[in-house]
Every structure is written in structure tokens, then in C-alpha cells.
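Results of the structural survey
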Amino acid sequence: MPELPEVETVMRGLAPVWQGQRFAQVVAHRPDLRWPLPQDLGQRLTGAVVTGLSRRAKYGLVHTDRGDTLIIHLGMSGRMRVDPESHAKHDHVVFTTGNGRTVAFNDARRFGSLDLVPTAEAAAHPLLAGIGPEPLGPDFGAALLARAFADRLAPAKALLLDQRLIAGLGNIYVCEALFRAGIHPETPGGQVPTARLKRLAAAIPAVLEEAIAAGGSTLRDHAAPDGTLGYFQKDFAVYGREGQGCGVCGTVIARIVQSGRSSFFCPRCQR
Ligand SMILES: [Zn+2]
């Protein structure tokens, strides 16, 4: 499932293909993905020039000179296939630009979606409204975390996954950041010591930046022949490593379930 670093990597991969280009043709092969596609998606995008690409939380944003913003939600299995050699099953929306490049939005499970809204209204879109500060943005830091965690009984893990407090953090990188900060995922927010909150404030952007860097190298190594943006493997310290030894202390990595999702942690390093 794509998290913030994967979406960032997708948008960085799309930028050289789409930036400044005019959409020559946009074809939707079905009326809906997770949600109905705008009926006039192709009409409004065809002829429009891409003026910028960005990301907000786990969503990709493509801005056009017509004052519209395309919102890309990769969902569980969404991919952007760049210059695919042939049409593939689940290539639901196909974009052609004036530079002769083709990008297909492919989503086998259709938990993802696309929407097109006036740029001025994008921040109020249901996917984006009420989302907290970006963990890689200028407002993020120990002070923000201290405010979010103060007096909270909810577990640190749950607070970090709350999109209203911090934008775009998902299960994988929350597990990794809590490990680096030495915080047990079940610790109530209000009981996390200040020193560990400071470590957490540094760990969150660090794990994200490292994943983005790994995604960038994946792009260089694999995107050209494979054409698929959006997924890459990275070596994790705790995520998915239940039963293996902690790289720091050797203790066996544990797994618990919190709110229906697995938390991986080192019982010795994280307290
Ligand atoms: Zn350990």
C-alpha cells in the first residue's frame, strides 16, 4: 500500500514527463474507480497545460493552466505506468501529452481514485479537508508533536496515524519512527517523555526522507524498463520483522495488533 514516500516518488517521477506539457488526450475506460470519475474529466483536461505537480499527505496533485487540480489517490494498488509498451488490464485512465508520452493510471483493486476540482477548492476537497501539517513541512517539529501528544491517553501509534494531527503517516513509517525514538507503540501520548518526543520529531522526517531517497534510486534503476512508479522495497528495522532479532540489541521483534493493524516493535529498545 503506497504511503507518503511512495506518493512523493510517483509525483517526482511524473514531473519530468508532465511538467509544462499539454494533455493531448485523456481517456477514462470506466466511469468510476473507488468513486465516480468526473464525467467531464477528459474534456476538462484535454488541451490543458500542466503548471505544477505536488503532493499533500498521501495524495498527488497536478495543477493545470485552466485553474483545475487533478487529485490522484493511489489507494491500495494504484500505479502510474509511464510509457507502457501496451495496454494492460486495469489501465483505467490513460493520459497522452504533447511530448508523445503516455501515462496510465492502473489500479487492480480500485481502492484508488482520481478527481478534478478547481484549484481554489482543492484544500476543501473531502480527501484533503482537515488534514494536519506535513511531516516534511516547515511547521513540523518537537513543538507540534508536544501539542499533539499533551495529556492524551490515546497510544502514541494511534496519535501518529491520526491524519488530523499529522498528514500522511501510515503504518510502516510510524512503526519505524517509533522504533528510532525508543517509544513503545502503546505508550499513551501524554506519557511520552520530552526527550523521546524530540527524538521522534527527528525520526519521522528521517524515515520518510530515507524512503523517498530509496524510491528515487528505484526510479533510476527500474522505472525505465518497467515503467511502473509507486512501489519499492526498503529494508525496515522493525516493520514486518516479527520474530527476527533487533538490529540494535538482538531482542526478538514483537508484533501486536492495535486498532486492527499490526504494530512491530522491539520490546527492549521501545518502552
Ligand atoms: Zn532492540
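Quick look at the nonpolar core
Counting residues in each nonpolar core, the largest one holds 28 residues, and the members touching the most others are L145, F149, L160, L200 and I204. Elements with a minimum of two residues in this core: α3 (142–149), α4 (156–161), α5 (171–181) and α6 (194–226). For this core, the leading source of residues is α6, giving nine residues. Non-local contacts of I204, meaning those with residues more than four positions away in its chain, are made with P135, F140, L145, L160, L169 and A177. Formed by 26 residues, the second largest nonpolar core is a distinct cluster that contains V7, L33, L41 and L74.

Comments concerning the pairing of strand β11 (residues 261–265)
A regular strand places its side chains on the two faces of the sheet in alternate fashion. Counting buried residues along β11, four of its five residues qualify, which places the element largely inside the surrounding structure. Bridge count between strand β10 (residues 254–258) and β11: five bridges; the pairing is antiparallel. Each residue of the ladder has a partner; that of A254, found in β11, is F265. From the end of β10 to the start of β11, which pair antiparallel, there are two residues, and S259 there has a positive phi angle of about 50°.

With respect to the coordination of the zinc ion
Within the first shell, the zinc ion binds the protein through C246 (SG), C249 (SG), C266 (SG) and C269 (SG), at distances of 2.2 to 2.4 Å. Around the zinc ion sit four donor atoms, and with donor-metal-donor angles ranging over 98 to 114° the site reads as tetrahedral. Of note, the donors binding the zinc ion are all from one chain and are spaced C-x2-C-x16-C-x2-C. Highlighted residues: C249 in the loop between β9 (228–229) and β10 and C269 in the segment after β11, separated in sequence by 20 residues. Overall, C269 belongs to the partly exposed group, its relative accessible area being 23%.

Details of the confidence of the model for the protein
Per-residue confidence for the protein averages 91 on the pLDDT scale, and 93% of its residues sit at or above 70. Predicted confidence in the protein is weakest over β9, with a mean pLDDT of 54, and strongest over α4, with 98. This stretch, residues 220–227, has a pLDDT under 50; its non-local contacts, to residues over four places away or in other chains, come to eight contacts.

Notes on the packing of aromatic side chains
A full pass over the atoms with the stated rule returns six aromatic pairs. Taken together, the aromatic side chains of Y173, F236, Y239 and F264 make up a single cluster linked through ring pairs.

Analysis parameters
Residues numbered from 1 in each chain as written. Predicted model: local features only at pLDDT ≥ 70, side-chain atom pairs only at ≥ 80, totals over all residues. Heavy atoms only, no water. Core = buried A, V, L, I, M, F, W, Y, C linked by side-chain atoms within 4.5 Å. Buried < 20%, exposed > 50% of the residue type's maximum accessible area, 1.4 Å probe, protein only. Helix = DSSP H or I, 4+ residues; strand = E, 2+ residues; numbered from the N terminus. Contact = heavy atoms within 4.5 Å. Pairing = 2+ DSSP bridges. Donors = N, O, S within 2.8 Å, 3.2 Å for Na, K, Ca; no water. Tetrahedral: all angles 85-135°; square planar, octahedral: opposite > 155°, others 65-115°. pLDDT = per-residue confidence, 0-100. Phe/Tyr/Trp six-rings, centres within 6.5 Å; stacked < 30°, edge-to-face > 60°.

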